[in-house]
Amino acid sequence: MRPNVYFWLFFFCTVVYGQDMQKVADPIPRYKPFYSTFELAFPLISNPNSGEINPSTGEKAPWYRIDGIQIRGGFGTHYKKWIGVGVNTGIDWSSSNCIVIAPLYTDLRISPKIGNDIRLVLDMGYGRSLTLGGSHLSGHFRKISLGIGDDEFSVSVQLCDYGFSKDYPEDIGSFSFGINASFY
């Protein structure tokens, strides 16, 4: 009688382990509450030679010219990609002021949908700005940005104030156009 029990136990284990197990795809995507962001922007400055004609090409000089580059990145948390809070840092270079600035700031991002896949992105930041190099300047950092795009990429216009002055009585600031990439 005992060998018959072993036979049925062996047969049952073979049948159970021999079945092909397939994982069913989760129909509901998982909610990820964290995001990371990357921003590349080009500050603009008015061109003092605007309107003048270049004698070799015959073209007029543009009204604005690029005044450096801004590279920033950060991470944060969000609620359904609609509202988020994050911490950011980066490097801002201003060629007209001959200065390199490292802002460290927190931001509040509000990005409601205005279409099927289109979002309006309002980004407000506040923190500290420090110069890199021999200037040893520091001040508050304020930023406001308005952009349009989808969940991952957007094009934006932004205003920044660095809260210090190098050679002038007014604070150093910038007006920039840029692209933003967010990864959820």
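All of the points below concern the structure found in this document. Given the structure is predicted, the values throughout are model-derived calculations rather than measurements. (Residues numbered from 1 in each chain as written. Predicted model: local features only at pLDDT ≥ 70, side-chain atom pairs only at ≥ 80, totals over all residues. Heavy atoms only, no water.)

Some details on the nonpolar core
The condition that has to hold: In plain words, nonpolar cores are sets of buried Ala, Val, Leu, Ile, Met, Phe, Trp, Tyr and Cys residues tied together by side-chain atoms within 4.5 Å. Each residue gets one of three labels from its accessible area relative to the maximum for its type: buried under 20%, exposed over 50%, partly exposed in between, using a 1.4 Å probe on protein chains only. Per the convention used, a helix needs a DSSP run of H or I reaching at least four residues, while a strand needs a run of E reaching at least two, with both numbered from the N terminus. Only heavy atoms enter the contact rule, under which two residues are in contact if any of them lie within 4.5 Å.
Ranked by size, the top nonpolar core spans eight residues in total: Ile99, Ile101, Tyr105, Phe141, Cys160, Tyr162, Phe164 and Ile172. Broken down by element, the residue count for this core peaks at three residues, all from strand β5 (residues 99-110). Not counting residues up to four positions away in its chain, the partners in contact with tyrosine 105 are Glu39, Arg72, Gly86, Val87, Asn88, Gly125, Tyr126, Gly127, Phe141 and Lys143.

Looking at the pairing of strand β1 (residues 34-46)
Defined as follows: Pairing between strands is defined by DSSP: at least two bridges between them are needed.
Note: β1 against strand β3 (residues 68-79), eight bridges, orientation antiparallel. Counterpart to alanine 41 in the pairing with β3 is glutamine 70. Examined bridge by bridge, β1 and strand β9 (residues 173-183) share nine bridges and lie antiparallel to one another. The residue bridging leucine 44 from the neighbouring strand is phenylalanine 175, located in β9.

Focus: the environment of glycine 74
Relative to the helices and strands, glycine 74 resides in strand β3. Taking the C-alpha atoms as reference points, glycine 74 and asparagine 88, separated by 14 residues in sequence, lie 4.0 Å from one another.

Some remarks on the packing of aromatic side chains
Test applied: Put simply, two rings from Phe, Tyr or Trp (the six-membered ring, in Trp's case) pair if the centres are within 6.5 Å, and we call them stacked under 30 degrees between planes, edge-to-face over 60, tilted for the rest. Only when the NZ atom of a Lys or the CZ atom of an Arg is both within 6 Å of the ring centre and within 35 degrees of the ring normal do we say a charge sits over the ring.
Applying the stated criterion across every chain yields a total of five aromatic pairs. Each ring, one from phenylalanine 175 and one from phenylalanine 177, has its centre 5.4 Å from the other, and the planes form 80°; the classification is edge-to-face. Judged by relative accessible area, phenylalanine 175 falls into the partly exposed class, the value being 32%. A relative accessible area of 40% places phenylalanine 177 in the partly exposed class. Through pairs of rings, three or more aromatic residues link up here, namely Tyr105, Phe141, Tyr162 and Phe164. Over the face of the ring belonging to tyrosine 184 we find lysine 81, whose NZ or CZ atom lies 4.8 Å from the ring centre.

Purely geometric numbers; function is a separate question.
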